[in-house]
Amino acid sequence: MKQKYDYLIVGAGLFGATFARLATDRGYRCMVIDKREHAGGNVYCEEIEGINVHKYGAHIFHTSNREVWDFVNAIVPFNRYTNSPVAQAPDGRIYNLPFNMNTFYSMWGVKTPAEAEAKLAEQREDALQRMAADGIESPRNLEEQAIALIGRDIYELLIKGYTEKQWGRKCSELPAFIIRRLPVRLAFDNNYFNDCFQGIPEGGYNKLISGLLDGAELRLGCDFFADREYYESIASKVVFTGKIDEYFGYRYGKLEYRTVRFETEVIDEPNHQGCAVVNYTDAAVPYTRVIEHKHFESFGPAVYENPHTVISREYSTEWCDGMEPYYPVNDERNQTLYGRYKKLAEECDDVIFGGRLAEYKYYDMAPVIEKVFELWK
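Residues numbered from 1 in each chain as written. Predicted model: local features only at pLDDT ≥ 70, side-chain atom pairs only at ≥ 80, totals over all residues. Heavy atoms only, no water.

## Remarks on the pattern of salt bridges
Right, so step 1: Applying the stated criterion to the full structure yields 25 salt bridges.
Right, so step 2: Between aspartate 70 and arginine 66 there is a salt bridge, with its nearest N and O atoms 3.5 Å apart. In this pair, aspartate 70 and arginine 66 are both assigned in helix H2 (residues 66-75), four residues apart and thus about one turn of the helix distant.
Right, so step 3: Residue aspartate 70 is classed as partly exposed on the basis of its relative accessible area, which comes to 40%. (Salt bridge = Lys/Arg side-chain N within 4 Å of Asp/Glu carboxyl O. Helix = DSSP H or I, 4+ residues; strand = E, 2+ residues; numbered from the N terminus. Buried < 20%, exposed > 50% of the residue type's maximum accessible area, 1.4 Å probe, protein only.)

Written out as structure tokens, the structure reads:
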């Protein structure tokens with residue numbers, strides 16, 4: 001019996017929606033299901049007080065791939081948003097991110113790239129001498145690695161507290177490979193990304209997802225695992241974007257994640273913190289950052305047109321069943337376990353595994369789209 005659909009796509013997030021768009025454009029019949037009551041996965045936006053709130057955390061699209069940029073802009077035009085976060089440090093001061101001349105001037109008073117490089121070199125040399133004195137030949141953990149790369153001043157003020165909150169572990173207990181390099185920019189440039197293109201869809205990410213899914217059949221509130229036999233019977237192939245260990249019934253055990261809890265608040269003022277993203281690097285502050293959503297789509301005087309604003313405080317925490325999995329835990333145990341599941345996946349000829357959960361990999365948005373492009377090519 002001929003199946004009704006060519007592809008059953010499990011998950012209406014960015015990977016599944018992009019796959020649906022490319023498949024539909026090629027004449028294939030697609031059914032997209034998602035257990036949530038909305039499409040878009042973690043890029044979904046909820047409108048509050050006329051503001052598109054990034055419900056699952058800040059999403060800033062950035063890429064140097066012209067093909068990807070043209071692809072998303074053909075669906076919905078993107079604005080000119082430039083990611084320029086700041087960090088509030090334990091000393092109470094505000095520092096620019098990524099580490100650049102504005103950061104170094106605020107911290108040390110240096111005014112030229114040569115002065116900044118000399119100060120960084122001095123800090124790195126001091127770190128290496130201290131390690132050598134303790135008989136340490138190479139960094140053994142994230143703390144030692146970070147200090148060797150950037151020096152103790154920046155580590156203590158801008159890295160240590162934030163990282164420990166993010167991972168729920170002391171930096172001295174985290175593996176060094178997590179932070180093999182740190183971006184240092186010897187220019188007065190607060191643009192966080194080096195990509196050629198960046199922005200936010202005008203009107204929010206829901207417009208992008210809606211355009212990607214146009215022409216595919218979409219069913220929300222549908223759990224693939226609740227009626228797996230039926231769903232697998234209706235299509236020639238399955239595109240699976242959920243948790244790879246769940247697909248295989250947790251045969252070898254469960255992969256681990258970090259997750260994020262959001263505390264969202266409407267504030268009766270037009271401009272609360274002056275930018276979209278403020279990181280809090282003090283370990284005594286329980287949240288990692290505060291997002292003020294209107295700054296993603298409102299610029300200049302337009303910020304004040306809406307007398308209200310919406311902020312979200314982000315709390316990083318351990319993941320457990322029933323919580324949304326966000327970040328794969330990048331340690332030896334989990335990578336080995338994922339490797340075993342990946343071998344099982346490679347034996348499934350009628351299933352395509354893709355995306356953050358199915359590949360147990362942290363993805364920015366543009367590389368997700370690139371991955372789907374590669375599959376079709």
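Moving on from the model shown.
## Here's the deal with the sheet that holds strand E18 (residues 351-353)
Right, so step 1: Spatial strand order, E11-E2-E1-E12-E18: five strands in an open sheet with parallel pairing. This sheet does not close on itself; its edge strands, each paired only once, are strand E11 (217-220) and E18. Taking the axes of each pair of neighbouring strands and ignoring which way they run, one obtains an average angle of 20° across the sheet.
Right, so step 2: Pairing geometry for strand E12 (residues 235-240) and E18, over three bridges, is parallel. Residue pairing in the sheet places valine 238 in a bridge with valine 351 of E18. (Pairing = 2+ DSSP bridges. Axes fitted to C-alpha atoms, helices over the stretch in contact; angles between N-to-C directions.)

## Focus on the pairing of strand E15 (residues 289-292)
Right, so step 1: Every second residue of E15 is oriented toward a common face, with Arg289 and Ile291 on one face and Val290 and Glu292 on the other, all of them buried.
Right, so step 2: Bridge analysis of strand E14 (residues 277-280) against E15 gives three bridges, and the strand direction is antiparallel. Bridge pairing in E15 places asparagine 279 opposite arginine 289.
Right, so step 3: Relative to strand E16 (residues 309-318), E15 runs antiparallel, the two being bridged by four bridges. Bridged to glutamate 292 within E16 is isoleucine 311.

## Observations concerning the packing of helix H3 (residues 101-108) against helix H6 (residues 152-167)
Right, so step 1: For the pair H3 and H6, the least separation of the axes is 12 Å and the interaxial angle reads 100°. As the angle between them shows, H3 and H6 are arranged roughly perpendicular. Only Asp153, Ile154, Leu157 and Leu158 of H6 make contact with H3, whose side of the interface consists of Thr103, Phe104, Met107 and Trp108.
Right, so step 2: When grouped by side-chain class, the residues that make up the contact of H3 with H6 number six nonpolar, one polar and one charged. (Parallel < 35°, antiparallel > 145°, perpendicular 65-115°, else oblique. Contact = heavy atoms within 4.5 Å. Nonpolar A, V, L, I, M, F, W, Y, C, P; charged D, E, K, R; others polar.)

## Here's the deal with H3
Right, so step 1: Most of H3 sits inside the fold, with six of its eight residues counted as buried.
Right, so step 2: Those residues of H3 that fall on the buried side of the exposure criterion are Met101, Thr103, Phe104, Ser106, Met107 and Trp108.
Right, so step 3: Buried positions along H3 lie against strand E7 (94-96), strand E8 (99-100), helix H4 (113-133), H6 and strand E9 (184-185).
Right, so step 4: Among the residues of H3, the N-terminal cap falls to asparagine 100, whose side-chain oxygen and the backbone nitrogen of asparagine 102 are separated by 2.7 Å.
Right, so step 5: At the C-terminal side of H3, glycine 109 shows a positive phi close to 80°. (Polar contact = N/O pair within 3.5 Å; in protein donor to acceptor, adjacent residues only side chain to side chain.)

So, to be careful, I would describe these as geometric facts and stop short of saying anything about function.
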